[in-house]
Amino acid sequence: MFCRHCQRELKQIFCDLHTCPPSNAMLHESDLFTSEKYFPLMVFVCENCWLVQVEELEKAEDIFDSDYTYFSSYSKTWLLHAKQYADLMHERFTLSNNSLVMEIASNDGYLLQYFNEKGIPVVGIEPSANTAEVAIKKGINTIIDFFGSEFARKNFQGKADLIVGNNVLAHVPDINDFVSGVKVALKLNGVSTFEFPHILSLINQNQFDTIYHEHFSYLSLISVKKIFEAWGLEIFDVEELSTHGGSLRIYAQHSACGRRIENSVHEVLQKEYDFGLATLAPYMGFQTRIEKIKYEFLDFLLNTKKQNKVVVGYGAAAKGNTLLNFAGVKGTDLIKFVVDASPHKQDRFLPGSRIPVVAETELMQSKPDYIIIFPWNLTEEIMDQLSYVDEWGAKFVRFIPKFEKLN
């Protein structure tokens, strides 16, 4: 395997999650009588550019197909984040009805709807047809396609005032072609912003469940800066965000644009260098730590089973699927079901474990003893939403960054 940015041969393993199916490949009932495709999930670190990455074993075209089940609009926390972002960009960069905002991987229009409300022209680029169709029904201009340099040259060369990419930079197998496409589509004085989970937080908080096949890269500012500079883009500002357990939002411009480079860029880079992200040291030992979490997870499930306690999950998220498959959990004997707010996931089954996904009404009927919160980054939102489970004494638990009983 060779680095997807600098082409250096990859030899250093960061962690090995063994084999599992793609984390968003939800099953229909009819699929329960067929086999699933399992792929190795091994993560490497490049000792040249420090890009952490998995190999593209499952093609992006197959992952982001017309049956993609992740819809952004089912999280109130994420919708609020999107609205606040739109307000900030509108004010900071004086966007108007003469501007063009482009979002790459625009999903169901969760973000562009807030620019639409301000009368700012938008275009979403979204490869998953089913999520794009939801955005189109909202009146959001959306093109169903993958973004890259050729797409940018044919359709949007030098046209975008603002290019947005929230949690997409990690999802692209050809990161060089993608970033070069951003340069092509961006106006000479335009701005691009990208948000992505921070590898520093992943290591610090044991967030191995954010690793799955559709996340091809795990990013630091050190590695992203190298990639953007290689394609004539300069990072002039960066924000540290709480989303997804700790993310970065970078602001990039054409290298000749001339906006002042903010102190935040130097500060975050220094934090990463101090942590050792440009050395192998912080990447070592991660496997041992995540295996400890796996054993604690299995101990909890087996002990509650012995006590005849009922355990369910909340959130049919990719995070949970990584944990379940790494731990080898199968069927409903240890976890009865998983609740999810999205109707696109209900009445389906989790990949690998084949645990059924149900609507929230099932909680009142089953009155479980324990509820495992799989999307731990939404813990407060979920506990507030399900506060009524106190009536029968249900306990919330999570396993990232460590095993905790939350109430």
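Parameters and conventions
Residues numbered from 1 in each chain as written. Predicted model: local features only at pLDDT ≥ 70, side-chain atom pairs only at ≥ 80, totals over all residues. Heavy atoms only, no water. Axes fitted to C-alpha atoms, helices over the stretch in contact; angles between N-to-C directions. Helix = DSSP H or I, 4+ residues; strand = E, 2+ residues; numbered from the N terminus. Parallel < 35°, antiparallel > 145°, perpendicular 65-115°, else oblique. Contact = heavy atoms within 4.5 Å. Nonpolar A, V, L, I, M, F, W, Y, C, P; charged D, E, K, R; others polar. Expected span 1.5 Å × (residues − 1). Buried < 20%, exposed > 50% of the residue type's maximum accessible area, 1.4 Å probe, protein only. Arc of directions from axis to C-beta. Phe/Tyr/Trp six-rings, centres within 6.5 Å; stacked < 30°, edge-to-face > 60°.

1. Brief notes about the packing of helix H10 (residues 286-306) against helix H11 (residues 318-327)
Phase 1: Axis separation between H10 and H11 bottoms out at 10 Å; the angle between their running directions is 85 degrees. One finds that H10 runs roughly perpendicular with respect to H11. Contact residues: H10 offers Gln 287, Ile 290, Glu 291, Lys 294, Phe 297 and Leu 298, while H11 offers Leu 323, Leu 324, Phe 326 and Ala 327.
Phase 2: For the contact of H10 with H11, the residue count by class is seven nonpolar, one polar and two charged.

2. Some words on helix H2 (residues 76-92)
Phase 1: Over its 17 residues, H2 extends 24 Å from the first C-alpha to the last, a length consistent with the 24 Å expected when each residue adds 1.5 Å.
Phase 2: Three or more residues of H2 are buried, namely Trp 78, Leu 79, His 81, Ala 82, Tyr 85, Ala 86 and Met 89. Each buried residue of H2 lies within a common arc of 155 degrees when the element is viewed along its axis, so the set occupies one face. Across H2 from its buried face, at more than 90 degrees, point the exposed residues Lys 76 and Glu 91.
Phase 3: On its buried face, H2 sits against helix H3 (112-117), strand E7 (160-166), strand E8 (186-197), strand E10 (233-241) and strand E11 (247-254).

3. Structural notes on the packing of aromatic side chains
Phase 1: Tallied over the entire structure, the rule returns 19 aromatic pairs.
Phase 2: Look at Trp 50 and Tyr 283: their rings are 6.3 Å apart centre to centre, the planes differ by 5 degrees, and that puts the pair in the stacked class. Taken together, the positions of Trp 50 in the loop between strand E2 (39-45) and strand E3 (52-54) and Tyr 283 in the loop between helix H9 (263-275) and H10 put the pair 233 residues apart, joining distant regions of the chain.
Phase 3: For Tyr 283, a relative accessible area of 1% translates into the label buried.
Phase 4: Aromatic pair Phe 297 and Phe 399: ring centres 4.9 Å apart, planes at 80 degrees, arrangement edge-to-face. Of this pair, Phe 297 sits in helix H10 while Phe 399 sits in the loop between strand E16 (395-398) and strand E17 (404-405); the two residues are 102 residues apart in sequence, bridging distant segments of the chain.
Phase 5: Under the relative-accessibility criterion, Phe 399 is labelled buried at 2%.

4. So, H9
Phase 1: Between its terminal C-alpha atoms H9 stretches 18 Å, which fits the 18 Å expected from 13 residues at 1.5 Å a residue.
Phase 2: Every buried residue belonging to H9 is among Ser 264, Val 265, Val 268, Leu 269 and Glu 272, and all of these are buried. Viewed end-on, H9 has its buried residues packed into an arc of 130 degrees, placing them on one side of the element. Seen from the open side of H9, the exposed residues pointing more than 90 degrees away from its buried face are Asn 263, Glu 267 and Asp 274.
Phase 3: Taken together, the buried residues of H9 touch helix H7 (199-204), helix H8 (221-230), E10 and E11.
Phase 4: At the C-terminal side of H9, Gly 276 shows a positive phi close to 95 degrees.

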